[in-house]
Amino acid sequence: MIYTVTFNPAIDYVVHADHLQIGATNRAASEEYYFGGKGINVSTVLHRLGAETTALGFISGFTGEALARGLAEEGFNTDFIRLPDGFTRINVKIKGEKETELNGQGPVITEAACAELFARLETLTPQDTLVISGSVPSSMPEDTYEQILARTCDKDVRTVVDATGALLLNVLKYRPFLIKPNNDELAEMLHRPADTDEQIVEGARTLRAEGAQNVIVSRGAKGAVMVTEDDQVILQEPILGRTVNSVGAGDSMVAGFLAGYLRTSDYAYALKLGTAAGSATACSPGLATASEIERRMFQCK
């Protein structure tokens, strides 16, 4: 089973407006909504690719119940902890001549709720994979990532960490199975350029020396670079297309990689599927469908 953790899920309310005038009444040309959060995005794409997944995290209020119902309709398992106060956030994204976002804050996550999440993670086994990603809400301990990996590393749970900065660097000692910074995040963490293939490979090897088993560095329109646990370097060319949506592309890459790896144990194939999934989401209004990912797999070189 692949478990994902989303500390602060959201309903993304997307409004398309030809013109936006501050201080006046504006009318939408069209609108849609998506159930989001980085871990939820990973679970959604995993499910669409036929992988078994359960989404963990915290929800509250009427928006939380709406999110839970929506994901149940998507068809995969959820095991959310329901908080007694507040409500799951709504992120408003206005797309027009320029894109404007207003992200909600989300509910307070209590110490008791954190303990309940940790208790659920105690049940994971070496046959399971755990994906943790995104920022840690201010109401949670800053070392939450470290607490989670400290509880799972002794169980030989395969862990995937999609974070950056101190959140990522502080957990490398627990030897996560996979990390996935982009090249800008890699450069920021290591305080040196990460523009060329050589620089990226050197940076990925530095993170491996700190404890990461496998490192994927995504490069957007330039593809991806992976350095594996046996120091194999895999260069994946991009799949070209018109980008219409950057939200969830990185999460889709993680999902595609995991689906491919668990299917074949082949890192090169897994990176191709991850690249196809990330590209499919970037070129779609929402998260990628299985058919679109499959179509883009045929374009992979």
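Before reading further, recall that the structure is shown in the block above.
The text that follows walks through the structure, step by step, so that each part is easy to find. Please read these numbers as outputs of a predicted model, since none were measured by experiment.

Once that is clear, we can look at the overall build of the protein chain. Counting its regular elements, the protein chain contains 10 helices and 13 strands. With respect to the three principal axes, the spread of C-alpha positions in the protein chain is 55 × 45 × 40 Å. When each of the 301 residues of the protein chain is scored for burial, the buried share is 50%. Look at the contacts in the protein chain between residues 6 or more apart in sequence, and 62% of them connect residues 24 or more apart. As presented, the protein chain carries roughly 14,000 Å² of accessible surface, and 49% of it is formed by carbon and sulfur atoms. Of the side chains in the protein chain, 27 bear a positive and 39 a negative charge, and the two mean positions are spaced by 4 Å.

Our focus in this paragraph is the packing of helix α9 (residues 267–282) against helix α10 (residues 290–297). Viewed as axis vectors pointing N to C, α9 and α10 meet at an angle of 120°, and their least axial separation amounts to 8 Å. For the element pair α9 / α10, the angle class is oblique. Considering only the axes of α9 and α10, their crossing is right-handed. Packed against α9, whose contacting residues are Tyr269, Lys272, Leu273, Ala276, Ala277, Ser279 and Ala280, the element α10 presents Glu292, Ile293, Arg296 and Met297 at the interface. Taken together, the residues that form the contact of α9 with α10 break down as seven nonpolar, one polar and three charged.

The rules behind these values
- Residues numbered from 1 in each chain as written.
- Predicted model: local features only at pLDDT ≥ 70, side-chain atom pairs only at ≥ 80, totals over all residues.
- Heavy atoms only, no water.
- Helix = DSSP H or I, 4+ residues; strand = E, 2+ residues; numbered from the N terminus.
- Buried < 20%, exposed > 50% of the residue type's maximum accessible area, 1.4 Å probe, protein only.
- Contact = heavy atoms within 4.5 Å.
- Areas by Shrake-Rupley, 256 points an atom, 1.4 Å probe, with all protein chains shown as cover.
- Lys, Arg positive; Asp, Glu negative; His and termini not counted.
- Charge placed at Lys NZ, Arg CZ, Asp CG, Glu CD.
- Axes fitted to C-alpha atoms, helices over the stretch in contact; angles between N-to-C directions.
- Parallel < 35°, antiparallel > 145°, perpendicular 65-115°, else oblique.
- Left-handed = near helix turned anticlockwise from the far one by under 90°.
- Nonpolar A, V, L, I, M, F, W, Y, C, P; charged D, E, K, R; others polar.

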